[in-house]
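What follows is each chain in one-letter form.
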Amino acid sequence: MDLMEAIKGRRSIRKYKPDPIPEEVFRALMEAVRWSPSWANTQCWEVIAIKDPGVKSELATALPKGNPALPSMTDAPLILVLCAKKGISGSYKGQVVTVKGDWLMFDTGIVMQSLCLAAYSLGLGTVVVGMFDHKKAEEILKVPQDVEVVAMTPLGYPATEGSTPKRKDISDFVFSDRYGKKG
Ligand SMILES: Cc1cc2nc3c(=O)[nH]c(=O)nc-3n(C[C@H](O)[C@H](O)[C@H](O)COP(=O)(O)O)c2cc1C
């Protein structure tokens, strides 16, 4: 699939078929994660792949009832939880080197996009899930203190197409030379 086609065509999927994901497809997605860029190539990410229906149901309790991705947490055959080791990205010799502090959100954000685009190119659906009780998820998944849960996505074959939310026009976010100056 052409890259622009993938970037523009990928949609958040919130309804999934129960069909399992072949092992080679899963590995291809993990290659997309593996080759993502990161701060000084520190690769702070870790992925928990959840198939166990009991763990999926427990993890779903970390989402607020109003989260539209909630049903997909138990419907999808797999849940991928994206974690990050703290204090690595954005640091040099243990010292934070920019005002932005830990860059783990940035690195894992890139990973998530790589994953979602690769999944889409292989016919699979994803939806980034960020609105949930992170502390509760960390407890359920027994994540150690030096690691945090950042986001997750259900993964599976789409049962419906996603709707296409409107995007801003390019002219709404591009400036020339200085902030606020329109070209
Ligand atoms: C950081 C982040 C967090 C998100 N969290 C949720 C979420 O908790 N629940 C949900 O249903 N969708 C969530 N989304 C999906 C967005 O709602 C979706 O990407 C956006 O509406 C654009 O739609 P599209 O992905 O189909 O292009 C999240 C997306 C991002 C990037």
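As a reminder, the structure under discussion sits directly above these lines.
Residues numbered from 1 in each chain as written. Predicted model: local features only at pLDDT ≥ 70, side-chain atom pairs only at ≥ 80, totals over all residues. Heavy atoms only, no water.

## What about the site of the ligand?
Working step 1: Contacts to the ligand come from 14 residues, most closely from R11, S12, R14, N67 and R167.
Working step 2: Taking V128, its main chain carries an N or O atom lying 3.0 Å from a nitrogen atom of the ligand.
Working step 3: Here the ligand, which alone exposes 620 Å², has 64% of that area covered by the protein.
Working step 4: Considering only residue class, the shell around the ligand consists of 7 nonpolar, 3 polar and 4 charged. (Near = heavy atom within 4 Å. Polar contact = N/O pair within 3.5 Å; in protein donor to acceptor, adjacent residues only side chain to side chain. Areas by Shrake-Rupley, 256 points an atom, 1.4 Å probe, with all protein chains shown as cover. Nonpolar A, V, L, I, M, F, W, Y, C, P; charged D, E, K, R; others polar.)

## Details of a nonpolar patch on the surface
Working step 1: A surface patch of nonpolar side chains, amounting to about 290 Å² of accessible area, comprises L3, M4 and I7.
Working step 2: Look at L3 and you get exposed, because its relative accessible area is 54%. (Patch = residues over 30% accessible without salt bridge, like charges linked within 9 Å, V, L, I, M, F, W, Y side chains within 5 Å. Salt bridge = Lys/Arg side-chain N within 4 Å of Asp/Glu carboxyl O. Buried < 20%, exposed > 50% of the residue type's maximum accessible area, 1.4 Å probe, protein only.)

## Here we look at the packing of helix α2 (residues 23-34) against helix α5 (residues 104-121)
Working step 1: Taken N-terminus to C-terminus, the directions of α2 and α5 make an angle of 145 degrees; their axes are 8 Å apart at the nearest point. For the pair α2 and α5, the sense of crossing is right-handed. Touching L29, M30, A32 and V33 of α2 are V111, S114, L115, A118 and A119, all from α5.
Working step 2: Here the contact of α2 with α5 is built from residues that sort into 8 nonpolar, 1 polar and no charged. (Axes fitted to C-alpha atoms, helices over the stretch in contact; angles between N-to-C directions. Helix = DSSP H or I, 4+ residues; strand = E, 2+ residues; numbered from the N terminus. Left-handed = near helix turned anticlockwise from the far one by under 90°. Contact = heavy atoms within 4.5 Å.)

## Describing the pairing of strand β2 (residues 78-85)
Working step 1: With 7 of its 8 residues buried, β2 lies for the most part within the structure.
Working step 2: As judged from the 6 bridges shared by strand β1 (residues 45-50) and β2, these two strands associate in the antiparallel manner. The partner of A49 across the bridge, within β2, is L80.
Working step 3: As defined by bridge partners, β2 adjoins strand β6 (residues 147-156) across 8 bridges and the pair is classed as antiparallel. Note on β6: the bridge partner recorded for L82 is A151. (Pairing = 2+ DSSP bridges.)

## With respect to unusual backbone geometry
Working step 1: The phi torsion at N41 lies on the positive side, around 55 degrees, for a residue other than glycine.
Working step 2: Of note, N41 is situated in the loop between α2 and β1.
Working step 3: In this model, K93 sits at a positive phi of 50 degrees, which is unusual for a non-glycine residue.
Working step 4: Looking at where K93 falls in the secondary structure, it is placed in the loop between β3 (91-92) and β4 (95-96).
Working step 5: With relative accessibility at 73%, the residue K93 sits in the exposed group.

## Brief notes about the sheet that holds strand β5 (residues 125-126)
Two modes of strand pairing occur in sheets, parallel and antiparallel, and in both the strands are linked by backbone hydrogen bonds.
Working step 1: Spatial strand order, β1-β2-β6-β5: 4 strands in an open sheet with antiparallel pairing. Bordering the open sheet on either side are β1 and β5, each of which pairs with just one other strand.
Working step 2: Lying over the sheet, α2 contacts β1, β2 and β6, oriented at roughly 160 degrees with respect to β1.
Working step 3: Contacting β1, β2, β5 and β6, α5 runs over the sheet at an angle of about 10 degrees to β6.

## Thoughts on the packing of aromatic side chains
Working step 1: Tallying each qualifying case throughout the model produces 3 aromatic pairs.
Working step 2: With 4.4 Å between their ring centres and 65 degrees between their planes, F175 and Y179 make a pair best called edge-to-face.
Working step 3: The class for F175 is partly exposed, based on a relative accessible area of 29%.
Working step 4: The rings of W39, W103 and F106 are connected pair by pair, giving a single aromatic cluster. (Phe/Tyr/Trp six-rings, centres within 6.5 Å; stacked < 30°, edge-to-face > 60°.)

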